[in-house]
Amino acid sequence: MKRLLCIALLLVLCLVISGCTQQPVTPSTAGTPTAAQSTTTPVTPAAGNALVQLSNIQPNASLTLDPGTFILSFKTDGPEKMVFQINGFQDDEITELSTTGPFSGSLTFGPVIKTGIYSMNVTGNGSWTAQVTQVNPKTPLTVPVNLSGSGTQVTPFFYLEKGQYFFERNETGLSSPLYFLRYANGSYLMDVNNTYVQPGFGEDSPHPFLFIYITESGNYYLNTLTNKNPGTWSASISPVPVIPFMGPGPALPEKGVK
(Lines give C-alpha, C1' and ligand atoms only; values in the text may rest on other atoms or scores of the structure.)
Protein backbone atom coordinates (compact mmCIF):
# COMPACT_ATOMS: atom_id res chain seq x y z
CA MET A 1 0.00 0.00 0.00
CA LYS A 2 2.82 2.35 0.94
CA ARG A 3 4.58 1.48 -2.33
CA LEU A 4 1.49 2.38 -4.39
CA LEU A 5 1.14 5.68 -2.49
CA CYS A 6 4.77 6.58 -3.19
CA ILE A 7 4.35 5.79 -6.89
CA ALA A 8 1.22 7.97 -7.07
CA LEU A 9 2.97 10.89 -5.33
CA LEU A 10 5.93 10.53 -7.71
CA LEU A 11 3.61 10.72 -10.76
CA VAL A 12 1.86 13.82 -9.41
CA LEU A 13 5.21 15.49 -8.75
CA CYS A 14 6.37 14.78 -12.32
CA LEU A 15 3.18 16.24 -13.78
CA VAL A 16 3.52 19.42 -11.69
CA ILE A 17 7.15 19.91 -12.70
CA SER A 18 6.29 19.32 -16.37
CA GLY A 19 3.45 21.86 -16.25
CA CYS A 20 5.61 24.51 -14.60
CA THR A 21 8.48 24.19 -17.05
CA GLN A 22 6.47 23.92 -20.26
CA GLN A 23 7.35 26.75 -22.67
CA PRO A 24 4.46 28.97 -23.80
CA VAL A 25 3.35 28.49 -27.38
CA THR A 26 3.93 31.51 -29.60
CA PRO A 27 0.93 31.94 -31.88
CA SER A 28 1.64 32.14 -35.58
CA THR A 29 1.28 35.55 -37.19
CA ALA A 30 0.98 34.18 -40.69
CA GLY A 31 -2.09 35.54 -42.37
CA THR A 32 -2.86 37.89 -39.44
CA PRO A 33 -3.65 41.44 -40.60
CA THR A 34 -1.51 44.20 -39.16
CA ALA A 35 -3.42 46.14 -36.51
CA ALA A 36 -3.67 49.90 -36.66
CA GLN A 37 -1.14 51.78 -34.58
CA SER A 38 -2.66 52.77 -31.26
CA THR A 39 -1.60 55.42 -28.80
CA THR A 40 -2.99 57.01 -25.70
CA THR A 41 -2.56 60.71 -26.20
CA PRO A 42 0.11 61.99 -23.80
CA VAL A 43 0.13 65.40 -22.17
CA THR A 44 3.26 66.27 -24.18
CA PRO A 45 2.47 64.87 -27.66
CA ALA A 46 6.00 64.90 -29.01
CA ALA A 47 9.52 65.40 -27.74
CA GLY A 48 10.58 69.01 -27.43
CA ASN A 49 12.07 71.68 -25.23
CA ALA A 50 10.02 73.44 -22.57
CA LEU A 51 10.30 77.17 -23.27
CA VAL A 52 8.46 78.63 -20.30
CA GLN A 53 6.79 77.49 -17.07
CA LEU A 54 3.53 78.99 -15.80
CA SER A 55 1.42 78.47 -12.67
CA ASN A 56 -1.31 80.08 -10.63
CA ILE A 57 1.55 81.86 -8.81
CA GLN A 58 3.13 83.06 -12.09
CA PRO A 59 0.33 83.17 -14.71
CA ASN A 60 1.98 85.51 -17.26
CA ALA A 61 5.01 85.23 -19.52
CA SER A 62 6.43 86.80 -22.68
CA LEU A 63 8.85 84.99 -24.96
CA THR A 64 10.28 85.05 -28.47
CA LEU A 65 8.99 82.25 -30.70
CA ASP A 66 10.43 81.12 -34.02
CA PRO A 67 8.19 79.49 -36.65
CA GLY A 68 7.04 76.06 -35.57
CA THR A 69 4.45 74.06 -33.67
CA PHE A 70 3.82 74.87 -30.01
CA ILE A 71 1.94 73.02 -27.31
CA LEU A 72 0.67 74.49 -24.06
CA SER A 73 0.40 71.61 -21.58
CA PHE A 74 -1.40 72.16 -18.29
CA LYS A 75 -2.40 70.35 -15.11
CA THR A 76 -5.08 71.16 -12.55
CA ASP A 77 -5.42 69.80 -9.03
CA GLY A 78 -9.23 69.69 -9.11
CA PRO A 79 -12.38 71.26 -10.58
CA GLU A 80 -11.48 74.55 -12.19
CA LYS A 81 -12.48 77.15 -14.76
CA MET A 82 -9.57 78.23 -16.94
CA VAL A 83 -8.91 80.83 -19.63
CA PHE A 84 -5.88 80.66 -21.92
CA GLN A 85 -4.96 83.84 -23.82
CA ILE A 86 -2.07 84.11 -26.27
CA ASN A 87 -1.24 87.52 -27.74
CA GLY A 88 1.05 88.37 -30.63
CA PHE A 89 -1.03 87.12 -33.55
CA GLN A 90 -3.20 89.28 -35.78
CA ASP A 91 -6.12 88.06 -33.65
CA ASP A 92 -5.51 87.08 -30.04
CA GLU A 93 -6.24 83.44 -29.28
CA ILE A 94 -8.53 82.78 -26.31
CA THR A 95 -9.63 79.34 -25.14
CA GLU A 96 -11.95 78.73 -22.20
CA LEU A 97 -12.57 75.35 -20.56
CA SER A 98 -13.58 73.73 -17.29
CA THR A 99 -12.31 70.68 -15.44
CA THR A 100 -14.46 68.47 -13.23
CA GLY A 101 -11.53 67.07 -11.27
CA PRO A 102 -7.75 66.69 -11.44
CA PHE A 103 -6.81 66.86 -15.13
CA SER A 104 -3.78 66.95 -17.41
CA GLY A 105 -4.46 68.41 -20.86
CA SER A 106 -2.83 70.24 -23.73
CA LEU A 107 -3.64 72.94 -26.27
CA THR A 108 -2.01 73.99 -29.51
CA PHE A 109 -1.90 77.49 -30.93
CA GLY A 110 -0.70 79.31 -33.99
CA PRO A 111 0.57 78.83 -36.56
CA VAL A 112 3.64 80.85 -35.70
CA ILE A 113 4.79 81.85 -39.19
CA LYS A 114 7.37 84.47 -38.27
CA THR A 115 9.70 85.14 -35.37
CA GLY A 116 8.14 87.49 -32.85
CA ILE A 117 7.34 88.21 -29.22
CA TYR A 118 4.27 86.45 -27.87
CA SER A 119 2.66 86.78 -24.46
CA MET A 120 0.86 84.07 -22.52
CA ASN A 121 -1.76 84.62 -19.85
CA VAL A 122 -3.52 81.78 -18.05
CA THR A 123 -6.14 82.29 -15.38
CA GLY A 124 -7.91 79.76 -13.17
CA ASN A 125 -9.80 79.67 -9.90
CA GLY A 126 -7.61 77.01 -8.33
CA SER A 127 -4.14 75.49 -8.31
CA TRP A 128 -2.60 74.73 -11.72
CA THR A 129 0.69 74.50 -13.61
CA ALA A 130 1.47 74.84 -17.33
CA GLN A 131 4.36 74.90 -19.77
CA VAL A 132 4.92 75.87 -23.40
CA THR A 133 6.89 73.42 -25.57
CA GLN A 134 8.04 73.56 -29.18
CA VAL A 135 7.68 70.16 -30.83
CA ASN A 136 8.92 68.56 -34.04
CA PRO A 137 7.44 65.62 -36.01
CA LYS A 138 10.58 63.48 -35.96
CA THR A 139 8.87 60.08 -35.79
CA PRO A 140 5.29 60.44 -37.04
CA LEU A 141 2.81 57.56 -36.84
CA THR A 142 1.52 55.97 -40.03
CA VAL A 143 -2.09 55.22 -40.89
CA PRO A 144 -4.28 53.42 -40.18
CA VAL A 145 -3.94 54.97 -36.73
CA ASN A 146 -6.05 54.77 -33.58
CA LEU A 147 -5.92 57.75 -31.23
CA SER A 148 -7.38 57.99 -27.75
CA GLY A 149 -7.24 60.49 -24.96
CA SER A 150 -9.15 62.37 -22.31
CA GLY A 151 -10.74 65.76 -22.80
CA THR A 152 -8.77 68.62 -24.34
CA GLN A 153 -5.63 67.09 -25.84
CA VAL A 154 -3.09 67.29 -28.67
CA THR A 155 -2.11 64.01 -30.34
CA PRO A 156 1.26 62.87 -31.68
CA PHE A 157 2.04 63.62 -35.32
CA PHE A 158 1.00 61.20 -38.07
CA TYR A 159 1.82 61.03 -41.77
CA LEU A 160 -0.92 61.19 -44.41
CA GLU A 161 -0.49 60.70 -48.14
CA LYS A 162 -2.55 62.80 -50.50
CA GLY A 163 -5.97 61.16 -50.85
CA GLN A 164 -9.25 60.38 -49.12
CA TYR A 165 -9.61 58.97 -45.61
CA PHE A 166 -12.23 57.77 -43.14
CA PHE A 167 -12.29 59.70 -39.86
CA GLU A 168 -14.22 57.53 -37.39
CA ARG A 169 -15.07 58.30 -33.76
CA ASN A 170 -16.55 56.17 -30.97
CA GLU A 171 -18.45 59.03 -29.29
CA THR A 172 -21.15 61.06 -31.01
CA GLY A 173 -23.30 64.08 -30.23
CA LEU A 174 -22.54 66.01 -27.06
CA SER A 175 -20.47 63.08 -25.76
CA SER A 176 -17.83 63.78 -28.40
CA PRO A 177 -15.15 66.46 -28.24
CA LEU A 178 -14.64 68.83 -31.13
CA TYR A 179 -11.90 67.53 -33.46
CA PHE A 180 -9.55 69.81 -35.39
CA LEU A 181 -6.98 68.50 -37.87
CA ARG A 182 -3.86 70.62 -38.39
CA TYR A 183 -0.80 70.59 -40.62
CA ALA A 184 2.50 70.06 -38.79
CA ASN A 185 3.10 73.83 -38.83
CA GLY A 186 -0.12 74.44 -36.87
CA SER A 187 -2.35 75.61 -39.74
CA TYR A 188 -5.87 74.20 -39.86
CA LEU A 189 -6.73 71.55 -42.46
CA MET A 190 -9.74 73.11 -44.19
CA ASP A 191 -12.28 71.36 -46.43
CA VAL A 192 -12.10 71.72 -50.22
CA ASN A 193 -14.39 74.78 -50.10
CA ASN A 194 -12.41 76.39 -47.27
CA THR A 195 -15.53 76.65 -45.08
CA TYR A 196 -14.72 74.48 -42.04
CA VAL A 197 -11.87 72.67 -40.32
CA GLN A 198 -11.82 68.96 -41.11
CA PRO A 199 -13.23 66.50 -40.12
CA GLY A 200 -16.19 68.85 -39.54
CA PHE A 201 -18.40 67.11 -36.97
CA GLY A 202 -20.88 69.61 -35.59
CA GLU A 203 -21.24 70.04 -31.84
CA ASP A 204 -24.33 67.79 -31.75
CA SER A 205 -23.55 65.69 -34.83
CA PRO A 206 -24.87 62.09 -34.74
CA HIS A 207 -22.44 60.85 -37.41
CA PRO A 208 -19.92 58.19 -36.32
CA PHE A 209 -17.62 58.89 -39.28
CA LEU A 210 -16.92 61.37 -42.06
CA PHE A 211 -14.62 61.54 -45.08
CA ILE A 212 -11.58 63.82 -44.94
CA TYR A 213 -9.59 65.00 -47.95
CA ILE A 214 -5.83 65.39 -47.89
CA THR A 215 -4.61 67.56 -50.75
CA GLU A 216 -0.96 67.55 -49.71
CA SER A 217 1.13 64.65 -48.40
CA GLY A 218 2.85 65.41 -45.11
CA ASN A 219 2.71 65.33 -41.32
CA TYR A 220 -0.44 66.26 -39.44
CA TYR A 221 -1.79 66.21 -35.90
CA LEU A 222 -5.13 66.39 -34.16
CA ASN A 223 -6.32 68.52 -31.29
CA THR A 224 -9.53 68.04 -29.36
CA LEU A 225 -11.49 70.60 -27.38
CA THR A 226 -14.25 69.87 -24.88
CA ASN A 227 -15.69 71.03 -21.57
CA LYS A 228 -15.68 67.44 -20.32
CA ASN A 229 -12.22 67.39 -18.76
CA PRO A 230 -11.51 64.62 -18.00
CA GLY A 231 -13.66 62.79 -20.55
CA THR A 232 -12.46 59.83 -22.60
CA TRP A 233 -12.59 59.80 -26.40
CA SER A 234 -11.20 57.69 -29.22
CA ALA A 235 -10.98 58.09 -32.97
CA SER A 236 -9.30 56.46 -35.95
CA ILE A 237 -8.05 57.55 -39.36
CA SER A 238 -7.80 55.03 -42.19
CA PRO A 239 -7.41 55.36 -45.97
CA VAL A 240 -10.42 54.83 -48.20
CA PRO A 241 -9.75 51.75 -50.37
CA VAL A 242 -9.11 52.54 -54.02
CA ILE A 243 -11.57 50.75 -56.29
CA PRO A 244 -9.62 49.36 -59.27
CA PHE A 245 -10.74 50.32 -62.75
CA MET A 246 -12.53 47.30 -64.21
CA GLY A 247 -12.22 48.25 -67.88
CA PRO A 248 -14.72 47.50 -70.65
CA GLY A 249 -16.58 44.18 -70.68
CA PRO A 250 -16.39 41.63 -73.48
CA ALA A 251 -17.60 42.76 -76.88
CA LEU A 252 -21.14 41.54 -77.65
CA PRO A 253 -21.84 40.26 -81.15
CA GLU A 254 -24.36 42.18 -83.20
CA LYS A 255 -27.81 40.71 -83.59
CA GLY A 256 -27.90 38.10 -86.32
CA VAL A 257 -24.11 37.78 -86.47
CA LYS A 258 -22.70 34.40 -85.41
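A brief report on the enclosed structure follows. None of the values given here were measured: they were computed from a predicted structure.

So, how was this worked out
Residues numbered from 1 in each chain as written. Predicted model: local features only at pLDDT ≥ 70, side-chain atom pairs only at ≥ 80, totals over all residues. Heavy atoms only, no water. Pairing = 2+ DSSP bridges. Helix = DSSP H or I, 4+ residues; strand = E, 2+ residues; numbered from the N terminus. Axes fitted to C-alpha atoms, helices over the stretch in contact; angles between N-to-C directions. Patch = residues over 30% accessible without salt bridge, like charges linked within 9 Å, V, L, I, M, F, W, Y side chains within 5 Å. Areas by Shrake-Rupley, 256 points an atom, 1.4 Å probe, with all protein chains shown as cover. Salt bridge = Lys/Arg side-chain N within 4 Å of Asp/Glu carboxyl O. Buried < 20%, exposed > 50% of the residue type's maximum accessible area, 1.4 Å probe, protein only. Contact = heavy atoms within 4.5 Å.

What to know about the sheet that holds strand β6 (residues 93-99)
And then number 1: Pairing is antiparallel across the open sheet formed by four strands, whose spatial order is β3-β8-β5-β6. At either margin of the open sheet sits one strand with a lone partner, and together these are β3 (60-65) and β6. Direction aside, neighbouring strands of the sheet carry axes that sit 20° apart on average.
And then number 2: Where strand β5 (residues 80-87) lies against β6, seven bridges are found, and the strand directions are antiparallel. For Lys81, the partnering residue across the bridge sits in β6 and is Ser98.

What to know about a nonpolar patch on the surface
And then number 1: A cluster of nonpolar side chains, namely Val192, Phe209, Phe211 and Tyr213, defines an oily patch on the protein surface of about 390 Å² accessible area.
And then number 2: Take Phe211: it is sitting in strand β16 (residues 209-214).

So, the pairing of strand β8 (residues 116-124)
And then number 1: Strand direction decides the pairing type here: β3 and β8, joined by six bridges, are antiparallel. Pairing of Ser62 across the sheet is with Ser119, part of β8.

Thoughts on the environment of His207
And then number 1: Inspection of the secondary structure assignment puts His207 in the loop between β15 (178-183) and β16.
And then number 2: Using a relative accessible area of 42% as the deciding quantity, one classes His207 as partly exposed.
And then number 3: Along the backbone, His207 and Glu171 are 36 residues apart, and their C-alpha atoms lie at a distance of 9.2 Å.
And then number 4: If sequence neighbours within four positions are ignored, His207 has contacts with Arg169, Thr172 and Phe201.

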